[in-house]
Amino acid sequence: MVPRLTMNAKKRWEQTELFPDPPKRPGRGPYDNLPDVRDGLTRIERIVLYVLHRTQEERGGRNVPTAMLYGRVVEYVDISVDELQRVLQRLALDGRTRGN
């Protein structure tokens, strides 16, 4: 005789084996705001620059709207609109003071 699974055991098995939890949104690490020793960029600033570069290439070198940039950055890291604005301002000021 084959043992029958109780409803609770069957439900738990289905939830864990057949239907795994969806992947979680990218979180924030404890070192996200720590500047890198190589160039002084934080992880978030580096992600913003990377996404900005890729999006500019896709658009043929044209400017990238902030809303589009935000939508793509959120795929990599959990960030608010205000925080993205602060990062963009900081990167723009750094570029002017470094003479780039």
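Everything here concerns the structure above.
Attention in this report is confined to the structure presented alongside it. (Residues numbered from 1 in each chain as written. Predicted model: local features only at pLDDT ≥ 70, side-chain atom pairs only at ≥ 80, totals over all residues. Heavy atoms only, no water.)

## Some points on the nonpolar core
Let me state the cut-off plainly: Buried Ala, Val, Leu, Ile, Met, Phe, Trp, Tyr and Cys residues form a nonpolar core when they are joined through side-chain atoms within 4.5 Å. Only protein chains enter the area calculation, which uses a 1.4 Å probe; residues under 20% of their type maximum are buried, those over 50% are exposed, and those in between are partly exposed. Strands here mean DSSP runs of E at least two residues long; helices mean DSSP runs of H or I at least four residues long; both are numbered from the N terminus. We call two residues contacting when some pair of their heavy atoms lies within 4.5 Å.
Ranked by internal contacts, the top residues of the largest apolar core, which has 14 residues, are Ile 44, Val 48, Leu 69, Val 73, Val 77 and Ile 79. For this core, the secondary structure elements donating two or more residues are helix 2 (43-58), helix 3 (66-73) and helix 4 (81-98). No other element matches the 4 residues that helix 2 contributes to this core. Once you skip the residues sitting within four places of it in the chain, Ile 44 turns out to touch Arg 28, Asp 32, Asn 33, Val 77, Ile 79, Glu 83 and Val 87.

## Structural notes on the packing of helix 2 against helix 3
Using the following cut-off: Fitting a line to C-alpha atoms yields each axis, with helices limited to the stretch in contact; the angle taken between N-to-C directions then spans 0 to 180 degrees. Each angle gets one of four labels, with under 35 degrees taken as roughly parallel, over 145 as roughly antiparallel, 65 to 115 as roughly perpendicular, and the rest as oblique. The hand of a helix crossing depends on one turn: near helix anticlockwise from the far one by less than a right angle means left-handed, and clockwise means right-handed. In this classification, the charged set is Asp, Glu, Lys and Arg, the nonpolar set is Ala, Val, Leu, Ile, Met, Phe, Trp, Tyr, Cys and Pro, and all remaining amino acids, among them Gly, are polar.
Where helix 2 meets helix 3, the axes come as close as 10 Å, and the angle between the chain directions of the two elements is 120°. Of the possible angle classes, the one that applies to helix 2 and helix 3 is oblique. Considering how the two elements wind past one another, helix 2 and helix 3 form a crossing that is right-handed. Facing helix 2, whose interface residues are Ile 47, Val 48, Val 51, Leu 52, Thr 55 and Glu 58, helix 3 presents Met 68, Leu 69, Arg 72 and Val 73. In the contact of helix 2 with helix 3, the residues fall into 7 nonpolar, 1 polar and 2 charged.

## With respect to helix 2
Note the cut-off: In a helix, the anticipated span is given by 1.5 Å times the number of residues less one. Note: the arc covers the axis-to-C-beta directions of the helix.
With 16 residues, helix 2 should reach 22 Å at 1.5 Å per residue; the first-to-last C-alpha distance of 23 Å fits that figure. The set of residues buried in helix 2 consists of Ile 44, Glu 45, Ile 47, Val 48, Val 51 and Thr 55. Each buried residue of helix 2 lies within a common arc of 160° when the element is viewed along its axis, so the set occupies one face. Taken from the residues just after helix 2, Gly 60 is the one with a positive phi, measuring 70°.

## Some thoughts on the environment of Tyr 50
Inspection of the secondary structure assignment puts Tyr 50 in helix 2. By relative accessible area, Tyr 50 is classed as partly exposed at 43%. Taking the C-alpha atoms as reference points, Tyr 50 and Val 73, separated by 23 residues in sequence, lie 9.2 Å from one another.

## Comments concerning the packing of aromatic side chains
The line we're drawing: Only centres within 6.5 Å qualify two rings of Phe, Tyr or Trp (six-membered ring in Trp) as a pair; their planes then separate them into stacked at under 30 degrees, edge-to-face at over 60, and tilted for everything else.
Under the criterion given, the structure shown has 1 aromatic pair. Their ring planes at 85° and their centres at 6.1 Å tell us that Tyr 50 and Tyr 76 sit as a pair that is edge-to-face. Remark: Tyr 76 occurs in the loop between helix 3 and helix 4 and Tyr 50 occurs in helix 2; sequence separation between them is 26 residues.

## Focus: the side chain of Glu 83
Its location among the elements puts Glu 83 in helix 4. With relative accessibility at 18%, the residue Glu 83 sits in the buried group. Contacts of Glu 83, omitting those with residues within four sequence positions, involve Arg 28 and Ile 44.

The values are spatial; any link to function lies outside them.
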